[in-house]
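Summary of structural features
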Amino acid sequence: MSVLDHIKAASSYIKSLYSGSPKIGVILGSGLNGFVDFMKVDLEINYADIPHFPVSTVEGHSGKLIVGEMGGVNLVVMSGRFHYYEGYTPNEVVFPIRVLKNLGVDMLLISNAAGGVNANFNVGDLMMIKDHISFAIVNPLLGKNFAELGLRFPDMSEPYSKAFIKIGYEVASSLGIELKEGVYFGVTGPTFETRAEYKLIRTLGADAVGMSTVQEVITAVHCGMTVFALSVITDIGIREEENVITHADVLDAAKDAAPNLALVFKGIIEKIKSAS
Ligand code: HPA
């Protein structure tokens, strides 16, 4: 069986339980599950029950697919994601993205927790990702390319939709929420960075660094999705003082910022609905 068969088996299982046709997918990162409170939930499916789905192991990641609607728009939400540092292969990490595409999703809203390396950022800031740097992670498209999934050499000139970023600003300003914008540097983790690494990452042109998202975005772009991604800045790595970072601090900071992140996502979904 190839990955194509696995994708079909997983999406057939989901379709056997849910007949809606979601166009929008949402990935909720660590401590960012509050978004679900705004949804009318039709069904929750544990990842463990979906054929070929990996199972999430990190605290703060609940590991289920939630389908339902928000303001009349069908949505499929990944509550919990898979990280390379958990021991999954890059193909396993991005498998759910391909299943979402098979279900009809063509717009993906991604959230994550990230460390700030821009001195103008503060803990709790929300940063729209305008671009990423992928060369410290393993590219999920290495290996045989299936033309059914996408091109061998995908263009990456605009992985994060400029149109979505514009909508993000409009939504945030109407809500009185400040959004930053910046470049996300992908790392494998699971260590947080050393001081020297945070500085290097800044020097290389990034504003934030994190252990998720980049493999997902590469795969989403490969299969033709439009992407919007928002980071919660949970720590400021480049500060010489106060830069002992724990997972608990990251989760706490994410939890505090989660309501605003959820409002921005909700506002974007409503705008997409009214424009369609
Ligand atoms: N580095 C990498 N990943 C992270 C960080 C960080 O400082 N904060 C939250 N996720």
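So, here's what we can say about the structure. (Residues numbered from 1 in each chain as written. Predicted model: local features only at pLDDT ≥ 70, side-chain atom pairs only at ≥ 80, totals over all residues. Heavy atoms only, no water.)

**Examining the site of the ligand**
- Around the ligand sit A113, A114, G115, F192, E193, Y198, V209, G210, M211, T234, D235 and V250, and that is every residue in its neighbourhood.
- G115 places a main-chain nitrogen or oxygen 3.3 Å from a nitrogen atom of the ligand.
- Contact with the protein chains hides 96% of the accessible area of the ligand, taken as 260 Å² for the molecule alone.
- Contributing elements (two or more residues each) for the shell around the ligand: strand 5 (107–116), strand 8 (208–210) and strand 9 (226–236).
- Examining the composition of the shell around the ligand, we find that three residues originate from one element, strand 5, more than from any other.
- Class assignment of the residues belonging to the shell around the ligand gives a composition of seven nonpolar, three polar and two charged. (Near = heavy atom within 4 Å. Polar contact = N/O pair within 3.5 Å; in protein donor to acceptor, adjacent residues only side chain to side chain. Areas by Shrake-Rupley, 256 points an atom, 1.4 Å probe, with all protein chains shown as cover. Helix = DSSP H or I, 4+ residues; strand = E, 2+ residues; numbered from the N terminus. Nonpolar A, V, L, I, M, F, W, Y, C, P; charged D, E, K, R; others polar.)

**Quick look at the side chain of S111**
- Mapped onto the elements, S111 comes out in strand 5.
- Judged by relative accessible area, S111 falls into the buried class, the value being 0%.
- A distance of 2.8 Å separates the side chain of S111 from the backbone oxygen of I27, its partner in a polar contact.
- Side-chain polar atoms of S111 contact the backbone nitrogen of G29, separated by 3.1 Å.
- Those residues within four positions of S111 in sequence are excluded, and the remaining contacts are I27, L28, G29, L32, R81, L230, L261 and F265. (Buried < 20%, exposed > 50% of the residue type's maximum accessible area, 1.4 Å probe, protein only. Contact = heavy atoms within 4.5 Å.)

**A word on helix 6 (residues 247–275)**
- A rise of 1.5 Å per residue sets the reference length of helix 6, with its 29 residues, at 42 Å; its end C-alpha atoms lie 39 Å apart and thus fit the reference within 8%.
- Approximately 45 degrees is the largest bend angle found in helix 6, and it occurs at A258, with the proline P259 only one to four residues beyond. (Expected span 1.5 Å × (residues − 1). Bend = angle between axes of the 7 residues up to and from the residue.)

**Some details on the nonpolar core**
- Of all hydrophobic cores here, the largest spans 49 residues; its most connected members are I50, L65, V99, L100, L108 and M225.
- Elements represented by at least two residues in this core include exactly helix 1 (3–17), strand 3 (64–70), strand 4 (73–79), helix 2 (90–103), strand 5, strand 6 (126–133), helix 5 (214–222) and strand 9.
- No other element matches the seven residues that helix 2 contributes to this core.
- Leave out the neighbours within four places in its chain, and M225 touches I97, L100, K101, V105, D106, L108 and A220.
- In this structure, V36, L75, I167 and A257 belong to the second largest nonpolar core, which totals 36 residues. (Core = buried A, V, L, I, M, F, W, Y, C linked by side-chain atoms within 4.5 Å.)

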